[in-house]
Amino acid sequence: MGFKSKYHIDVDFEVPKKIPWYYAPLFASFWLALYLAVVVTQINHLPDPLNREDEARHPDAFIAERAEMQLINLSRIGPKVVGSVANEVTAVEFLKQQIEEVKAQASDYFQFEVDVQLATGSYMHWSMVNMYQNIQNVVVKMSAKNSTSENYLLINSHYDSVPGSPGAGDAGSMITVMLEVMRVISKSQGPLKHPIVFLFNGAEENPLQASHAFITQHKWAENCKALINLDAAGSGGREVLFQSGPENPWLMRYYREVPHPFATSMGEEIFQAGIIPSDTDFRIFRDYGGVPGFDMAYIFNGYVYHTEYDRVNIISKQSLQNTGDNVLALAKGVANAPEMDNPEDHAEGHVIFYDFLGWFMVFYTQTTGVIINAVVCSVAVLAIAVSLFFMTARSGLTWGAVVTRYLTTFVIQIVSLALAAGLTMLVAVFMDGVGRPMTWFSETWLLIGLFFCPMFFGMGILPAYYLEKTKQDKLSLGFRIQLFMHSHCLFLIVLTIVMTAMGLRSSFMCMMAVLFDITALIVNLVTKWHRRAYWFAIAAMVCQILPFLYYTSIAHATYMTMLPMTGRSGSASNPDLLMAGIAVFMAILFAGFIMPLFLFFRKTRTIIYSFLAIAVLFIIIAVTPAGFPYKAKTATQRYSLIHAQRTLHRADGSIRLQEAGIYVYPQDRRINSADDYIKAIGEKHKVSEYCDVEMFCGMPLYNHRWHKARERSFWIPIEENPNLPGSRPALTLLNAHNLEGSISRKRYEFQLVGPDHMTIFIGLQNEVKITDWSFNDTMIREKWEQPYFIYFSYGKDEVGSLTFTIDVEKSDGNFNVPVLEIGIAGHWIHQDKNRTPKYEQFVKSFPSYASVNDWVATYESWLF
C-alpha cells in the first residue's frame, strides 16, 4: 500500500499486521535459552585440570593437582587465627618447608632469599586505630642470579583465617596457587628480568595488619613497583579481577594475555563505594606504598566464606587450574615488563576494563573512555534525527508532528521506566514489610519473578496502552515502535553523559547499549529496512544478541557475588532493595530494546500483563515455606555470639555493675529468627539501650562493625559467668605525673596484659582533652570526637603486654576528679571452648541451617 505526498515520491509504505500472540512465548524463550545456554555455561566454564602425571608433557604449566595436595595439608592445620599456635607456628613451618622444597627443585638460573618478618605497628582502619604487635609474614624473593634490577613484582595472599574457619578458600587456595606458581617459574630457565617477592601474609583477617607491616617496614617494600593481590570473598569458581591500578593502564596489557580473563572496572567502583562489606590488602599497598597492580579474588559461593564450611572439598581442581594459569601468565608478563624499569613514567590515568564472557579483554584509559562516550552519543543523536527525518518523509506528517510524537513517546518511556523501577522496589519493600526478606538467598530462581517480571511489566504496559489508543495514527506501527526504541536510546544517552560527567568509569555500560542500538539503526537506515517493520525488528534483535549476552553475564556474576554477601552485611538495610536495584539497572540495559519488540504481537496487553501475573505468583511462592532462605551447610544464617562478663568500676575502684550475659550479633536482615532460642535462656535487650549511659555501650565490642550494628544486636543477661581460658585483662596505672611542671597537663602511663585480641576504649570526663598519646595520633591530630576505639592484637608474643601513655589537659588543673574512662575488652577467639551448661544448651539450640561463631570475652572499665 502506498501514497504520494509533497515529502517524497515512489513510496511503498508497508502497514504491517501484528504477529499472532502465541509466538510471544517463543520470542521470550529465545532470550531465556540464550542466557542459559551461553551465559550460564560460559560463566561456570573452567579449564581441565592438570595432574602430576601431565607435568612431563607440560613442564612449564601450572599443575592443579599439586596445588590441591598442598591445600589439603594447609587446611588440615585447621583455623589459623592470629595469636594461635596454628597460625604463628604450624602454618609458618608448613610454608618454610614448602619453600625449601621449591628451592631444592629450582634451576641454577634462580636465587632465593627467605625472610620471616616479625612486626609491630598501627594505622587507622575506618573508625578505629588498628594496632598490632609481633605479627608475622613469610617473605620470599626469587630473582635471576644475573639480575641487577631493583624493581620487584609483589605477589601477596594470606594464610591466616577467621575464628572457626579452616580458610581453605579464604585464602588457603591462593597461598597454594602462589607456591605452585613459584615452583613452576623456579624450574624454568627464565627469563626473569625483575625479581618476584612472594608475600605469604600472616595477619590479613585482623584486619590487614600484615600487609601494612610489610609495605611500611620490610626491607624489600620500597622496591616493590607492581602488585598481584590474591584473596577470596567466596570459595572456588573463577577469580575476578575487580581492581586495577590506580592509574598505570600498562598493567592491563599483561592481564589481556591471561588465558581465562574475568574482569570489570565496574566491580572496582562498586567495591570502592563500600557496597561490598569487605576490604583487601590491595588498599593497604596502594595507600601506604603507592604500589599499583591487580586485585583478584574468588567471588562465587560466598555462602561458605568465613564459616566452618570453607573447606577444601568444595574447591575444585578446575578452579585452582583457572587461577593458576592466570597468575602464572600474569607473573611472567609483569616480571619481564619493560615498564617495570620506570613504572612512574607510565601512570596515565585510570583505566576502563572488562572482558566478554571470558573470550577476550577490552581496556582503555578513562580519557579515551570520555572520547568514546562523546562520539557514540553524538552519532546516536544524529542517527535518531536522521531516522525522524525519514519518518517524516515516509508518513506524510510534518517534521513538527513527528517530533511531537517522539517527545510524547519519550515522556511515556521515562514514565514507564519510573513505573517499572517503582514496582520493582515496591516488591522489595513489601517483602521486607511482611517479614519475608531474603527469600531468594538460596532459591535464586525467585529473583526472576520477584524483581525482573515487575520490571518487564512496568516497561511494557504503558507503551502497549499508548499504541492501542493510537492505532489509527498516520504513523505506522513499526515507526511508532521505533520511536520507543529511540526514546530508550535517548534516555541511555543522557545517562551516559551524566555518568561520564560524574567521572564514573561504569558509564561504558550505558554507552555500549547505545552503541549496539545505533548500529542496528544505521543498518536499518542504510538498507532501508526501517520502512519494513519486521525487517527492522530482525535487525534490532540480531544487534541486541551481543549486548544481551554481556549484560546478563554481568547481572549473573553480580548476583552470584552479592547474594551471599547479604548474609553477612548486617541488618540495618533491606537487602531486597539491593537485589531490586540490580534488576532495575540491568533490565534497563538488556531489556530496554527488547521489550518494545513485544509490541509487534497481538494481544499485547495480555502478554505484558502475564509478567505481572508471574510476579504475583512468585510473591505468593516466596511467602510460603518454599521461600525459606537458608539451607544447612550451603546457605547458612550467620550469628556471632559472645558469652561475656561486664565489670564497671567507680572512681574509687569499687564495682558499680557486674553481670554476665550473651552478646548476639545477627549478621543478616532476619534478626528475629533467633527469638525462640533467646526466650529459652533470658530476656533480650538491644545493645543500643546501653549506649546512652555507657561508653561504647559498656560492651565487649570486637571491632567497629559491632558498634555500627548496635541497633540490631542484643544483650541477654544470664547468671552463668563464662569459663575463661586465661586470666582476664589487667590494666595497671604505672605512673601519673604533671608535664613540664604544668599544673594543667598530666601524663598517665599504663600497662595492659591480656589475651591476643583486645579492644581498648578511651573516654573523657570533666572537661578534659587529650593532647597526645602513644597510639596512632590521627584521632588526636584531627580532633575526632571521643570516645576512641583501639583494636589491639598480637601474634608471636608470649607475654602479651602493651605499655601506653595518654597526655591530658584540664584548664583548671583539678585532677582530683576522674578525667579518663578506660574500658578493656578481652576476646578469646581461637582457644578451646569450655562452654557453661546453660550457654552450651543455647548454642546447640540453633537449627542446622545456622552458622554460629562463638567465643568468650570480658569487658571491664575504670575511671582515672
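Note that the coordinates shown come from a computational prediction; the quantities given were computed from them, not determined experimentally. (Residues numbered from 1 in each chain as written. Predicted model: local features only at pLDDT ≥ 70, side-chain atom pairs only at ≥ 80, totals over all residues. Heavy atoms only, no water.)

**Let's talk about the overall build of the protein chain**
The cut-off we apply is this: Helical segments are the DSSP runs of H or I of at least four residues, strand segments are the runs of E of at least two, and each set is numbered from the N terminus. Think of it in three bands: with a 1.4 Å probe and only protein chains considered, a residue is buried below 20% of the maximum accessible area for its type, exposed above 50%, and partly exposed in between. Throughout, a residue-residue contact means that at least one pair of heavy atoms, one from each residue, lies within 4.5 Å. Surface accessibility in these figures is a Shrake-Rupley result with a 1.4 Å probe; residues are shielded only by whichever protein chains are displayed.
Of regular secondary structure, the protein chain possesses 21 helices and 21 strands. Considered along the principal axes of its C-alpha atoms, the protein chain spans approximately 100 × 70 × 55 Å. Expressed as a percentage of the 864 residues in the protein chain, the buried residues total 61%. Across the protein chain, contacts joining residues at least 24 apart in sequence account for 81% of those joining residues at least 6 apart. Here the protein chain has roughly 33000 Å² of accessible surface; of this, 56% comes from carbon and sulfur atoms.

**Regarding a nonpolar patch on the surface**
Test applied: Every patch collects residues that have over 30% relative accessible area and no salt bridge, joining them within 9 Å if they carry like charges and within 5 Å if they are nonpolar side chains (Val, Leu, Ile, Met, Phe, Trp, Tyr). Counted as salt bridges are all cases of a side-chain nitrogen of Lys or Arg within 4 Å of a carboxyl oxygen of Asp or Glu.
Together, I371, V375, V379, I522 and V526 give the surface a local cluster of nonpolar side chains, amounting to about 430 Å² of exposed area. Secondary-structure elements contributing two or more residues to the nonpolar patch are helix 10 (366-395) and helix 14 (507-527). Broken down by element, the nonpolar patch gets its largest block of residues, three residues, from helix 10. Turning to its location among the elements, V379 is positioned in helix 10.

**A few points about the pattern of salt bridges**
Following the criterion strictly, the structure yields 33 salt bridges and no others. A salt bridge links K96 to E93; its shortest N-O distance comes to 3.5 Å. Separated by three residues within a single helix, K96 and E93 lie in helix 3 (residues 85-105), roughly one turn from each other. Residue K96 is classed as partly exposed on the basis of its relative accessible area of 33%. According to the relative accessible area criterion, E93 is partly exposed, its value standing at 44%. Put simply, K631 and E443 hold a salt bridge, and the shortest N to O gap is 3.3 Å. Of the two residues, K631 sits in the loop between helix 17 (604-622) and strand 10 (637-649) while E443 sits in the loop between helix 11 (399-433) and helix 12 (446-469), which places them 188 residues apart along the sequence. Classification of K631 as partly exposed rests on a relative accessible area of 37%.

**Thoughts on the environment of L208**
By secondary structure assignment, the location of L208 is in the loop between strand 4 (196-201) and helix 5 (209-217). Among the residues examined, L208 registers a relative accessible area of 1% and is labelled buried. Along the primary structure L208 and V753 are separated by 545 residues, whereas in three dimensions their C-alpha atoms are 23 Å apart.

**As for the nonpolar core**
Heads up, the rule is: To qualify as a nonpolar core, a set must consist of buried Ala, Val, Leu, Ile, Met, Phe, Trp, Tyr and Cys residues joined through side-chain atoms within 4.5 Å.
Residues W440, F451 and F842 are the most contacted members of the largest nonpolar core, which totals 137 residues. Other than its neighbours up to four places away in sequence, W440 contacts L446, L447, L450, F451, L563, T566, P575, D576 and M579. Membership of the second largest hydrophobic core comes to 65 residues, among which are F94, V181, V184 and A331.

**Considerations on the domain arrangement of the protein chain**
So the rule is basically this: Each domain's extent is set by a domain assignment, obtained either automatically or from a database. Once two parts are put together, the accessible area they lose, assessed with a 1.4 Å probe and summed over both, is termed the buried area.
Taken domain by domain, the protein chain holds domain 1 (52-349), domain 2 (371-627) and domain 3 (637-863). Spacing between the C-alpha centres of domain 1 and domain 3 amounts to 34 Å. Counting residues at the interface gives 35 residues for domain 1, matched by 27 residues for domain 3. The three residues of domain 1 that bury the most area against domain 3 are V129, M131 and Q133, which together make up 26% of that side's buried surface.

**Re the UniProt feature "domain: Endoplasmic reticulum metallopeptidase 1/1-A TM" (unreviewed entry) in the protein chain**
Worth spelling out the cut-off: UniProt positions are given in the numbering used here, feature names are shortened, and annotations may be inferred rather than shown by experiment.
The UniProt record annotates "domain: Endoplasmic reticulum metallopeptidase 1/1-A TM" (unreviewed entry) at residues 406-621. Secondary structure within residues 406-621 divides into 76% helix and 0% strand; the distance between the first and last C-alpha atoms comes to 41 Å.

**Notes on the packing of aromatic side chains**
Inclusion rule: The aromatic pairing rule takes the rings of Phe, Tyr and Trp, using the six-membered ring of Trp, and pairs them if the centres are within 6.5 Å, calling planes under 30 degrees apart stacked, those over 60 edge-to-face and the rest tilted. In our convention, an over-ring charge means Lys NZ or Arg CZ found within 6 Å of a ring centre and within 35 degrees of that ring's normal.
Considering all chains together, one arrives at 56 aromatic pairs under this definition. Members of the aromatic cluster, connected to one another through ring pairs, are F27, F30, W31, F452, F456, F548, Y559, F590, F598, F601 and F611. R238 extends its terminal NZ or CZ atom over the ring of F262, reaching a point 4.4 Å from the ring centre. If you follow K684 out to its NZ or CZ, it ends over the ring of F714, 4.0 Å from the centre.

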